[in-house]
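For reference, the chains in residue letters:
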Amino acid sequence: MAYETDHETQYCFPSINSSCIKGMRSRYEYNIMYVFVSLLSAWTVFLNLLVVISISHFKKLHTPTNLIILSLAVADMLMGLIVIPIEGTRLIETCWYFGDTYCRLFIIILGLVFSASFSNLVLIAVDRYVAVCHPLLYPQKITTTTTLVSICLSWVCYSTYNTILVINNGYLDTSLRTDMCYGECSVTMGFAWKFTDLFMSFIFPCTVIIILYLRIFHVAHQQVKVINALMKGGKCVTEGSVRRKSERKAALTLGIIVTVYLLCYIPYYISSLSVISFTNMSVLSWVVYTNSGLNPLVYALFYPWFKKTVKHILTLKIFQPKSSMDNIFAEHQV
């Protein structure tokens, strides 16, 4: 670390002529920033780990919708475990100290986490669309097996895509790039790849999500009108109507998660149209990183099962025999 003790120019690697210039900070700034990054990383990992353990451990939570939530929690946990600490270190130190190999790998992981988050949001939208708009087809179309296959395919496809993107933009040969100083890990894409990445990672999934949720809320509104009309007419509300009400509530909760994601990601991607750089850390990028720690709070507010499972985890009751089969959810259905 280099604290601001004088006005002399300091370099990331003083012994190398092509070294980047190191930004200077006071000791107070260093301490505050490192504490913030550490707490944000720990918060994000811990809360999303609770989601992962909850859904993985309890058999009754092994539903198609919850498997997608599990996948989303894994992506958010990777954000807190890998992206936030490394980006935080680069923001504070203003230098990349991890070498070219880790720079290449980090760019792939960063792209994968972003892409995986959006692909999971698309899967959530599809799941809720079928559940609300085609409830009779839901048990046949959306099964645990098909959901697992879809999740695995999305992770594999986006891993391959981000690796190809890195290779084709020359990131695997950073030593030959004359536009970089030593101690920098940046991304520079041509127009064709910039447009392709914007479409694949943002425009396409966003369009699908918005269209599906507009349809979901339109159908849900119509169903509410029908149920209210039946209740006013003194007619009995069937079990199917109650089930549809539950599906609409789940769609609303997940819609909140999707909306929060979009509100955090849309400004970031709009700003990236003009400049795509991982060295110039901005407020918008940290809004995106912070978003990964917000989802478990939404679960805690709207999902009774999450509160119950967290209590079991923190009290270590999950280590009891057959705890995965415990009926701790009472009347609350997942």
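Before reading on, note that the structure itself is shown above.
Residues numbered from 1 in each chain as written. Predicted model: local features only at pLDDT ≥ 70, side-chain atom pairs only at ≥ 80, totals over all residues. Heavy atoms only, no water.

Asks: For this particular structure, what's the right way to read the packing of aromatic side chains?
Replies: For any two aromatic rings, the description comes down to two numbers: the centre-to-centre distance and the angle of the planes. All chains considered together, the criterion is met by 12 aromatic pairs. Ring plane angle 75° and centroid distance 4.9 Å describe the contact between W96 and F98, whose orientation is recorded as edge-to-face. Overall, the relative accessible area of 4% leaves W96 in the buried class. Ring centres 5.3 Å apart and planes at 25° place the aromatic pair Y303 and W305 in the stacked group. In this structure an aromatic cluster arises from ring pairing among F36, W286 and Y289. (Phe/Tyr/Trp six-rings, centres within 6.5 Å; stacked < 30°, edge-to-face > 60°. Buried < 20%, exposed > 50% of the residue type's maximum accessible area, 1.4 Å probe, protein only.)

Asks: Could you clarify how one ought to interpret the state of the cysteines in this entry?
Replies: What we call a disulfide is simply a covalent bond connecting the sulfur atoms of a pair of cysteines. One pass over the structure, following the stated rule, counts two disulfides. The side chain of C12 participates in a disulfide bridge whose partner is C95; the two sulfur atoms lie 1.7 Å from each other. Of note, the bridge from C12 to C95 carries an S-S torsion of about -75° and is left-handed in sense. Within this pair, whereas C12 is found in the segment before α1 (27-57), its partner C95 is found in the loop between α2 (64-93) and α3 (99-133), the two being separated by 83 residues in sequence. The exposure classification of C12 matches that of C95, with both residues buried. Here C103 connects covalently by a disulfide to C185, the sulfurs 2.0 Å from one another. One disulfide, between C103 and C185, carries an S-S torsion of 90° and so falls in the right-handed class. (Disulfide = S-S within 2.5 Å. Helix = DSSP H or I, 4+ residues; strand = E, 2+ residues; numbered from the N terminus.)

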